[in-house]
Amino acid sequence: MKYRGKAWKFGSNINTDAIIPGPYLNVTEPEELAKHCMENENPRFVQEANEGDIIVAETNFGCGSSREHAPIAIKAKGVSCVIAKSFARIFYRNAFNMGLPIIESDEAVDGIQDGHEVEVDLGNGEITNKTTGKSFKANPIPPFMQEIIDDGGLMKHIAKRRS
Amino acid sequence: MPMTITEKILAKHAGLKEVTPGQLINARVDIALGNDVTAPIAIDEFKKAGGTRVFDRERVVMIPDHFAPNKDIQSAANCKALREFAREQDLTHYYEVGQMGIEHALLPEQGIVVPGDLVIGADSHTCTYGALGAFSTGVGSTDLAAAMMTGELWFKVPETIKLIYRGKLGPWVGGKDLILYTIGQMGVDGALYMAMEFTGNAVDSLPMDGRFTMANMAIEAGAKNGIFPPDRITEQYVKGRARREYVFYTSDPGARCKEVREFDVSAVEPQVAFPPLPSNTKGVSEVGTVTIDQAVIGSCTNGRLNDLREAARVLKGRKVSPDVRLIIIPATPSIYRQALKEKLFDIFLDAGSVISPPTCGPCMGAHMGILAKGERAIATTNRNFTGRMGHPESEVYLSNPAIAAASAVLGRIGSPEELDRKE
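Residues numbered from 1 in each chain as written. Chains lettered and ligands numbered in written order. Predicted model: local features only at pLDDT ≥ 70, side-chain atom pairs only at ≥ 80, totals over all residues.

1. Overview of the overall build of chain B
Consideration 1: Tallying secondary structure elements over chain B gives 15 helices and 17 strands in all.
Consideration 2: Against the 2.2 N^0.38 benchmark of 22 Å for 423 residues, chain B shows a C-alpha radius of gyration of 21 Å, consistent with a compact globule.
Consideration 3: Taking the principal axes of the C-alpha coordinates as reference, chain B spans close to 60 × 50 × 40 Å.
Consideration 4: Each of the 423 residues in chain B was classed as buried or not, and the buried ones make up 62%.
Consideration 5: Long-range pairs, those at least 24 residues apart, make up 77% of the contacts in chain B between residues at least 6 apart in sequence. (Helix = DSSP H or I, 4+ residues; strand = E, 2+ residues; numbered from the N terminus. Rg over C-alpha atoms; globule rule 2.2 N^0.38 Å. Buried ≥ 20, exposed ≤ 12 C-beta atoms within 10 Å, placed from the backbone. Contact = placed C-beta atoms within 7 Å.)

Laid out in structure tokens, this is it:
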């Protein structure tokens, strides 16, 4: 599956409190969580990010809490994919379980600036910066993990396989 | 092949003779834990996937501790969802306000988690139970839902980073300082995806409360789990508490480690982590002048009895600065009662602090001590991320309980020794 959108660049160690601040953790509705996604980190993001946009971050994205509210908020904001140099492990797990596509690539993160148009092909691991025309290779997501994402997350995937 | 303690526990629970780092395994879960933030989502997912009964009513644990006692109507609804599910499933380990304590203090105290266990919890600080010599790790709500249904979960066997602490601890230096110092050296992703194994003569003599503090913050170095080899101190702690049989696993000599780091702790002074990361550490003597508006002593990191005793030793006969609110949060009802019996509450109240019921409360900005714009707090909690305790322009500094107590009296970050010198 391919994802295309405008890049929103973030730094290292973007933690789950930055993605969705603690005071909103008693909220479970995705649309409500999306309204506060990254609001302390970059207030412009909440107002201006469009459906399909892509988050591009340095190392250890999603560190901190195990809150699934974080990938839920990002997904509900309409973000189609997150590219980072590395992800914190619980976030990595949660993102797949929630059906939020994520991919690791040092080169792509270094070769994409804020506002660039980016396309990600999860199946073959190719990331293209449409603004500069440069392409980057990341480790592709194995087919069974890709299926979880395509089905919309782990539980939907399980339910589908059971039916 | 020689194995680490982490590998042995994972192999045992996967029904395998041995496992190697990187291997994907499906393993049996001894305890699956959820709280009022993560369990409502898990319960929803459990039902949506057609779940009717949990795999074992004695092994699914639900604790309403984050926004409880109910902070507002939304929180009340979340706690109610937990309560109703616990009743419907007849869960043995649901703890109502009054019996409720902060999950990671309560579960070991009540003997619900034991050495040799494989524990998953939908809370990142689930790694705390590694102090008992258990494999314990944080997962998301969906993983919890899957474990609640099946009693199993998939894991990738982590590489191990072995940490060796040698030397004698200085005055007012404890588990919190060792772990902050370690994170300061390694960075917040220094142990990403790995198991941190804590060893060496300096931690061999560390009481359980200090070990819980260290294992608790393994996640702040990015680790999958933190673990201590169980010993005589572990045995004393679990004897009389454990509700199930326990097994002591230890690493074989020559077991593979990705990295070995040694620390001479004799030179380590009490640590303070500056915002916005737990790795921004300094020795307390190098802090400079940092005034504070609030001090918080509590949380799953430092809300245990020894932590309160340490704070009381500093506060005895002293007054909290008029510019500071000192909030003390005993982590469980039995810690609360014991602190009361030992007359620690008299010391706290005489000093002018407020004592909260057990709750995670201000640690993650939920309630019970939120910071306004521009305010600064010192806290014995585990994270000092931007906006963690309230307004995005407020600040959190992390320390041990003695430093937090001394700072509350001084009105700025400082040590008990500074107080002695001043007087």
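2. Structural notes on the overall build of chain A
Consideration 1: If you tally the helices and strands in chain A, you get eight helices and seven strands.
Consideration 2: For 163 residues, the compact-globule estimate of 2.2 N^0.38 gives 15 Å, and the C-alpha radius of gyration of chain A, at 15 Å, lies within 12% of that figure.
Consideration 3: Counting every position in chain A, which comprises 163 residues, the buried fraction comes to 55%.
Consideration 4: Taking all contacts inside chain A whose residues are at least 6 apart in sequence as the whole, residues at least 24 apart take part in 65%.

3. Comments concerning the confidence of the model for chain B
Consideration 1: On average, residues of chain B carry a pLDDT of 97, and 100% of them reach 70 or more.
Consideration 2: Here the predicted complex carries an ipTM of 0.85, next to a pTM of 0.94. (pLDDT = per-residue confidence, 0-100.)

4. Remarks on the nonpolar core
Consideration 1: Grouped together as the largest cluster of nonpolar side chains are 198 residues, with contacts concentrated most on A:I54, A:V82, A:I83, B:M148, B:M196, B:A295 and B:A405.
Consideration 2: Broken down by element, this core gets its largest block of residues, eight residues, from helix α14 (residues 401-410) of chain B.
Consideration 3: The residues contacting B:A295, other than those within four sequence positions of it, are B:V324, B:L326, B:A377, B:I378, B:A404, B:S407 and B:A408. (Core = buried A, V, L, I, M, F, W, Y, C linked by C-beta atoms within 7 Å.)

5. Regarding the sheet that holds strand β3 (residues 60-63) of chain B
All names here are of chain B.
Consideration 1: One open sheet accounts for four strands, arranged β3-β2-β4-β5; its pairing is parallel. Here the strands that pair on one side only, and so sit at the sheet edges, are β3 and β5 (135-138). Between one strand axis and the next, the sheet turns through 20 degrees on average, direction left out of account. (Pairing = 2+ DSSP bridges. Axes fitted to C-alpha atoms, helices over the stretch in contact; angles between N-to-C directions.)

6. Considerations on unusual backbone geometry
Residues and elements named next belong to chain B.
Consideration 1: Here A68 and P69 are connected by a cis peptide whose omega angle stands at -10 degrees.
Consideration 2: With respect to the helices and strands, the residue P69 is situated in the loop between β3 and α3 (73-88).
Consideration 3: The step from P275 to P276 runs through a cis peptide bond, and the omega angle for that step is 5 degrees.
Consideration 4: You can see P276 is positioned in the loop between β11 (271-273) and β12 (281-283).

7. Description of the sheet that holds strand β7 (residues 160-166) of chain B
All names here are of chain B.
Consideration 1: Read across the sheet, four strands follow the order β9-β8-β7-β10 without closing on themselves; strand pairing throughout is parallel. At either margin of the open sheet sits one strand with a lone partner, and together these are β9 (225-227) and β10 (259-264). On average, each strand axis in the sheet is inclined to that of its neighbour by 20 degrees, with strand direction left out of account.

8. Regarding the packing of helix α11 (residues 305-315) of chain B against α14(B)
Residues and elements named next belong to chain B.
Consideration 1: The geometry of α11 relative to α14 is characterised by a closest axis approach of 8 Å and an angle of 35 degrees between their N-to-C directions. α11 and α14 meet at a crossing whose hand is right-handed. Contacts from D307, E310, A311, V314 and L315 in α11 reach P401, A402, A405 and A406 in α14. (Left-handed = near helix turned anticlockwise from the far one by under 90°.)

9. Considerations on the packing of helix α2 (residues 39-48) of chain B against α3(B)
Residue and element names in this part refer to chain B.
Consideration 1: Close contact between α2 and α3 brings their axes to 9 Å; oriented N to C, the two are set at 50 degrees. Between α2 and α3, the crossing angle belongs to the class labelled oblique. In this structure, the crossing between α2 and α3 has a hand that is left-handed. Taking contact as the criterion, the partners of A39, P40 and I43 in α2 are, on α3, N78, A81, L82 and F85. (Parallel < 35°, antiparallel > 145°, perpendicular 65-115°, else oblique.)

10. Things to note about the environment of B:G138
Consideration 1: With respect to the secondary-structure elements, B:G138 resides in strand β5.
Consideration 2: Judged by the 27 C-beta atoms lying within 10 Å of it, B:G138 falls in the buried class.
Consideration 3: In this structure the C-alpha to C-alpha distance between B:G138 and B:K224, which are 86 residues apart in sequence, comes to 7.6 Å.
Consideration 4: Excluding anything up to four places from it in sequence, B:G138 contacts A:S66, A:I90, B:G121, B:D123, B:S124, B:H125, B:T126, B:C127 and B:I219.

11. A look at helix α5 (residues 89-98) of chain A
All names here are of chain A.
Consideration 1: Counting buried residues along α5, nine of its ten residues qualify, which places the element largely inside the surrounding structure.
Consideration 2: When α5 is considered as a whole, its buried residues turn out to be R89, I90, F91, R93, N94, A95, F96, N97 and M98.
Consideration 3: Within two residues after α5, G99 carries a phi angle of roughly 80 degrees, on the positive side.

12. Regarding the pairing of β5(B)
Residues and elements named next belong to chain B.
Consideration 1: Here β5 shows two buried faces, one formed by F135 and T137 and the other by S136 and G138.
Consideration 2: In the sheet, strand β4 (residues 118-121) pairs with β5 via four bridges, with the strands oriented parallel. When the sheet's bridge partners are listed, G121 is paired in β5 with G138.

13. Some details on the environment of B:S356
All names here are of chain B.
Consideration 1: Tracing the sequence through the fold places S356 in the loop between β15 (354-355) and β16 (376-379).
Consideration 2: You can call S356 buried: it has 21 C-beta atoms within 10 Å.
Consideration 3: In sequence terms S356 and N384 are 28 residues apart; their C-alpha atoms lie 21 Å from each other.
Consideration 4: Residues in contact with S356, not counting those within four places in the same chain, are I327, I328, I329, G361 and M368.

14. Some details on α14(B)
Consideration 1: For α14(B), the tally of buried residues reaches ten of ten residues, placing the bulk of the element in the interior.
Consideration 2: Phi turns positive one or two residues past the end of α14(B), at B:G411, with a value near 85 degrees.

15. Comments concerning the pairing of β4(B)
Residues and elements named next belong to chain B.
Consideration 1: Every second residue of β4 is oriented toward a common face, with L118 and I120 on one face and V119 and G121 on the other, all of them buried.
Consideration 2: Relative to β4, strand β2 (residues 31-35) is paired through three bridges, and the arrangement is parallel. Across the sheet, the residue bridging to I31 is V119, located in β4.

16. Points about the interface of chain B and chain A
Consideration 1: Facing 38 residues of chain B, the contacting portion of chain A comprises 33 residues.
Consideration 2: Looking at the side of chain B that touches chain A, the elements with two or more residues in it are α2, α3 and α5 (141-150) of chain B.
Consideration 3: Ranked by the residues each element gives to the side of chain B that touches chain A, the list is headed by α5(B), at five residues.

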